[in-house]
Structures are given as C-alpha cells and as structure tokens.
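Take a look at the letters that make up each chain.
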Amino acid sequence: MKIIRAKDYNDMSRKAANIISAQVILKPDSVLGLATGSSPIGIYEQLIKWYNKGDVDFGACTTFNLDEYRGLTADHDQSYHYFMHKNFFGRVNVPKERINLPDGAQMDAEKECQRYDTAIRAAGGIDLQLLGMGLNGHIGFNEPAEYFSKGTHCVDLTESTIEANKRFFASADDVPRQAYTMGVQTIMLARRIVIVVSGENKAEVVREAFFGPVTPRVPASILQLHTDVSVVADEAALSLCGDLVP
Ligand code: F6R
C-alpha cells in the first residue's frame, strides 16, 4: 500500500488525476472504475482540464461506476447517472455505449446485479478503480458488517444515510431506501486501486482503515491486502497518523 501525502484537497485531486491520466495514456483502452461523492469532484475537474488541452483522451476507455440508488431513473437529479454526466461524462469523450452504471430503474435486483458483474467480466475486469471512503470506512455502499461482501448486490440504506440524504429530496419519503453497489470482492478484483481521502473528519477512519486490523467492521481496511493500492490523502486526513506515514 502506497500512501501519497498531499497538501490539501486540490493537491490530492491533482495527484490522483495524475495517476489516472498516466493509466489512460499508457493503456488508452483502460477499464476505469469510478466513484461519486465530494472526494472525486476535483479529480474530474483536473482530468477535464487535461482533456481540453489534448493531454489525455478517453475515447477508447470503458467505465464502470461503483453504485447507484435503486428506484431512481438516470435523469433524476440525485441519481449517480446524473452526477457523473454533470461532473465528468458530459464534458469528456468516453463513448456513451462504454459508460456503465448499475441501472437504478431496474427493480429486479438479482437480475441487475448479475447483469452488472457479467458486464465487468466481459470487459476484461477493471484496470483502475477510483474510490472515496465514508466516515465509517465504507467503500461503495459496503457499510460496516460482519462479513465482507462479494459481487454487486442490493443494500438497504441505513437510517443515518436516509436522514443525511433527505435534504436533497422533496420529502423523506422520496429518499431511496436501497442501492446497488459493487461488492468488496468486485473492488478487490480491480488490478489497481486509487483511494482519495480529504479532511480532518476522516482522520480517525484513515488511521483505522490503513493502519488498524483488517476487519469488515471497517470495510476499507481490506485494501491493505491488495497488491496495488495508492492512498492519496491530504495533511488533514493524515493528521492522526503521526510517524506512520513518511
Ligand atoms: C461513491 C461511493 C461512496 C463515497 C463515500 C465518500 O460512489 O461509493 O462510498 O465514496 O461515501 O463520500 P464523499 O467523497 O462525499 O466523502
């Protein structure tokens, strides 16, 4: 596990974007695993800038996003489809037919999860998976649990997630109760993983996940067992790691 220290959010975004653009330049037909949330927005901004300058070209890439709310259509402004279109896909040249996210409008969970895993396999697996991490160590929608999850599956959102998300919806009743997410095994099968973490509120979980025991109680801790992981974290996120990080 390589820990890359960044000064702040912008520096973290630039360093992670560097790794992703190098991946795409060296292997133009890369299969990229992508994330939503606030952590990767700066990375997408940076990649868009380099794309506009002609320094990186996504025309041969295939992408698979980590997750999507079950029950939201792609055009819903809180769907991850919508987020990705607004923050990345609508501004670079990944071919539409090679953009993949779980289909939130497909209510047959088993069918949708199988379809997604089959599509990832058919694409040859993920070359580089980008991740953020939740305050409790979750990756994708894989929350702390007794066991590590395997393939893509449907999860019930916790009350705290529903509570936190309700401000984005007309009422609490409109907040999706479930989501489709890649499993921990799906993530671990990626050949390379880049996880970005920023901010003091993540400092405690950074220490637990990357320097504590490997446990499904802190899902991101399993990344310690992957052979090619880069943790790109800013000073604030590393502030409780002391001498553990050079
Ligand atoms: C996003 C995802 C989540 C986020 C995590 C951190 O697709 O799967 O696991 O990466 O919740 O979110 P932010 O970056 O908003 O702190």
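The preceding data block contains the structure.
Residues numbered from 1 in each chain as written. Predicted model: local features only at pLDDT ≥ 70, side-chain atom pairs only at ≥ 80, totals over all residues. Heavy atoms only, no water.

The N-to-C vectors of helix H1 (residues 9-26) and helix H2 (residues 41-53) enclose an angle of 55°; their axes lie 8 Å apart at closest approach. With respect to H2, the element H1 is oriented oblique. Considering the relative orientation of H1 and H2, their crossing is right-handed. The residues of H2 that touch H1, namely those facing Tyr9, Ser13, Arg14, Ala16, Ala17, Asn18, Ile20 and Ser21, are Ile41, Gly42, Ile43, Gln46, Leu47 and Trp50. For the contact of H1 with H2, a count of residues per class yields eight nonpolar, five polar and one charged. (Axes fitted to C-alpha atoms, helices over the stretch in contact; angles between N-to-C directions. Helix = DSSP H or I, 4+ residues; strand = E, 2+ residues; numbered from the N terminus. Parallel < 35°, antiparallel > 145°, perpendicular 65-115°, else oblique. Left-handed = near helix turned anticlockwise from the far one by under 90°. Contact = heavy atoms within 4.5 Å. Nonpolar A, V, L, I, M, F, W, Y, C, P; charged D, E, K, R; others polar.)

Among the 14 residues in the neighbourhood of the ligand, the closest are listed as Ser39, Asp67, His138, Gly140 and Lys202. A distance of 2.8 Å is found between an oxygen atom of the ligand and a side-chain nitrogen or oxygen belonging to Thr36. Contact between the ligand and Asp67: an oxygen atom at 2.6 Å from a side-chain N or O atom of the residue. In isolation the ligand exposes 400 Å². Once the protein is present, 84% of that is buried. With respect to the pocket detection grid, the ligand is positioned in the largest pocket. A class-by-class count of the residues in the shell around the ligand yields four nonpolar, eight polar and two charged. (Near = heavy atom within 4 Å. Polar contact = N/O pair within 3.5 Å; in protein donor to acceptor, adjacent residues only side chain to side chain. Areas by Shrake-Rupley, 256 points an atom, 1.4 Å probe, with all protein chains shown as cover. 1 Å grid on protein atoms, 1.4 Å probe; cavity = no way out; pocket = protein on both sides within 12 Å on 5 of 7 lines; lining within 4 Å. Sits in = over half its atoms within 2 Å of the grid points.)

Moving on, we get to the pattern of salt bridges. Side chains bearing opposite charge may pair, as long as their charged atoms lie close to each other. In this structure the tally under the stated criterion is 11 salt bridges. Two residues, Lys27 and Asp127, come together in a salt bridge whose shortest N-O distance is 2.9 Å. Remark: Asp127 occurs in the loop between helix H4 (109-122) and strand S6 (128-131) and Lys27 occurs in the loop between H1 and strand S2 (31-34); sequence separation between them is 100 residues. Across the pair Lys53 and Asp55 runs a salt bridge, and its minimum N-O distance is 3.7 Å. The class for Asp55 is partly exposed, based on a relative accessible area of 40%. If you follow the salt bridges from partner to partner, you end up with Lys27, Asp29, Asp127 and Arg191 in one network. (Salt bridge = Lys/Arg side-chain N within 4 Å of Asp/Glu carboxyl O. Buried < 20%, exposed > 50% of the residue type's maximum accessible area, 1.4 Å probe, protein only.)

So, on to the packing of aromatic side chains. Taken as a whole, this structure holds eight aromatic pairs when the rule is applied. Between Tyr51 and Phe58, the ring centres sit 6.4 Å apart and the planes meet at 45°, which makes this aromatic pair tilted. Look at Tyr80 and Phe141: their rings are 6.3 Å apart centre to centre, the planes differ by 5°, and that puts the pair in the stacked class. Here Phe141 lies in the loop between S6 and strand S7 (153-156) and Tyr80 lies in helix H3 (residues 80-87), a separation of 61 residues in the sequence. Taking relative accessible area as the criterion, Phe141 reaches 8% and is therefore assigned buried. In textbook terms, an aromatic cluster arises when at least three aromatic residues are bridged by ring pairs, as seen for Tyr44, Tyr51, Phe58, Phe88 and Phe89. (Phe/Tyr/Trp six-rings, centres within 6.5 Å; stacked < 30°, edge-to-face > 60°.)

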